[in-house]
Amino acid sequence: KAGVTQTPRYLIKTRGQQVTLSCSPISGHRSVSWYQQTPGQGLQFLFEYFSETQRNKGNFPGRFSGRQFSNSRSEMNVSTLELGDSALYLCASSFGQGETGELFFGEGSRLTVL
Amino acid sequence: AQTVTQSQPEMSVQEAETVTLSCTYDTSESDYYLFWYKQPPSRQMILVIRQEAYKQQNATENRFSVNFQKAAKSFSLKISDSQLGDAAMYFCAYLTGTASKLTFGTGTRLQVTL
């Protein structure tokens, strides 16, 4: 069974640009969550999608957005990049209903903003 | 708001010895789950052990066990017979039964020495 796949693994952008990250969940999982990991702020929840609907949202500015497709794949977008957006972005998937919260994580997308 | 505190930024243990990682949390919820996740240098986060708050019995998974003290809001992880492969960042995490996002602690970096 394939795990959670995130692309791209590494990317470099400059301030003001935008970026789109992709996440393919484990087959059968309908929930996809996104987390930002930085040395200073640790792991912070961005948002969660379930059946194409945003079910929960963290405390991030509107420059951070996401969506989920009918096949449960998810994308997150960051517009007008700032230096502080440099981070490891982790995606996690789960069944999303009736289970006890175990998340399966991808290896992450490392974003560097110059 | 729920918070998770890991007061040990770094810990070191000799191979084959036992080490305990500490975690405390703050919540007003009665229904929640607690987790320990491991993040090796390859970055993929994996679940080590899970505890449901309504269960009084401490969870165990092979060499990993927890000491769950609900009244004290404490959730420590004990690793017995430590192995070199246990070296990683360990994150304590909280999930409320009514939400779908994990709240992570700041992590404890575990070194395993020969």
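Scroll up a little and you will see the structure.
Structure report, in brief. (Residues numbered from 1 in each chain as written. Chains lettered and ligands numbered in written order. Predicted model: local features only at pLDDT ≥ 70, side-chain atom pairs only at ≥ 80, totals over all residues. Heavy atoms only, no water.)

Glancing now at the interface of chain B and chain A. Opposite the 17 residues of chain B that make contact, chain A presents 21 residues. Among the residues of chain B in contact with chain A, R43, Q44 and S100 of chain B are the three that bury the most area, contributing 36% of the side total. Taken together, the links from chain B to chain A amount to zero salt bridges. Connecting chain B to chain A are four residue pairs in polar contact (both at pLDDT 80 or more). The set of elements that each furnish at least two residues to the side of chain B that touches chain A consists of strand 5 (32-39), strand 6 (46-52) and strand 10 (88-96) of chain B. Tallying contributions element by element places strand 5 of chain B first for the side of chain B that touches chain A, with four residues. Its residues placed into classes, the side of chain B that touches chain A shows ten nonpolar, three polar and four charged. (Contact = heavy atoms within 4.5 Å. Buried area = accessible area lost by both parts, 1.4 Å probe. Salt bridge = Lys/Arg side-chain N within 4 Å of Asp/Glu carboxyl O. Polar contact = N/O pair within 3.5 Å; in protein donor to acceptor, adjacent residues only side chain to side chain. Helix = DSSP H or I, 4+ residues; strand = E, 2+ residues; numbered from the N terminus. Nonpolar A, V, L, I, M, F, W, Y, C, P; charged D, E, K, R; others polar.)

Once that is clear, we can look at the side chain of R63 of chain A. Residues and elements named next belong to chain A. Here R63 shows up in the loop between strand 6 (53-57) and strand 7 (64-68). Taking relative accessible area as the criterion, R63 reaches 15% and is therefore assigned buried. One polar contact links the side chain of R63 to the main-chain carbonyl oxygen of T80, over a distance of 3.1 Å. Beyond its immediate chain neighbours, meaning those up to four positions away, R63 contacts N77, V78, S79, T80, L81, E82 and D85. (Buried < 20%, exposed > 50% of the residue type's maximum accessible area, 1.4 Å probe, protein only.)

All names here are of chain B. Tracing the backbone through its elements, the reader meets K38 in strand 5. Put simply, K38 is tucked away with no salt bridge, and the nearest opposite charge, on D86, sits 4.3 Å away. Reaching out from K38, the side chain makes a polar contact with the backbone oxygen of G85 at a distance of 2.8 Å. Residues in contact with K38, not counting those within four places in the same chain, are Q44, M45, I46, V48, G85, D86, A88, M89 and Y90. (Lys, Arg positive; Asp, Glu negative; His and termini not counted.)

Residues and elements named next belong to chain A. Applying the stated criterion across every chain yields a total of nine salt bridges over all chains. Here R63 and E82 are joined by a salt bridge, their closest N and O atoms 3.6 Å apart. Highlighted residues: R63 in the loop between strand 6 and strand 7 and E82 in the loop between strand 8 (74-78) and strand 9 (87-94), separated in sequence by 19 residues. The class of E82 is partly exposed, set by a relative accessible area of 43%. Across the pair E75 and R73 runs a salt bridge, and its minimum N-O distance is 3.3 Å.

Here the focus is the state of the cysteines. All told, the structure shown has two disulfides over all chains when counted by the stated rule. Residue pairing for C23 of chain A: its cysteine sulfur links by disulfide to C91 of chain A, the two sulfurs lying 1.7 Å apart. Taking the torsion about the sulfur-sulfur bond, which here is approximately -55°, the covalent link between C23 of chain A and C91 of chain A counts as left-handed. Of this pair, C23 of chain A sits in strand 3 (residues 19-24) while C91 of chain A sits in strand 9, and the two are 68 residues apart along the sequence. Here C23 of chain A and C91 of chain A have matching classes, each one buried. Note on cysteine connectivity: C23 of chain B is disulfide-linked to C92 of chain B, with sulfurs 2.0 Å apart. (Disulfide = S-S within 2.5 Å.)

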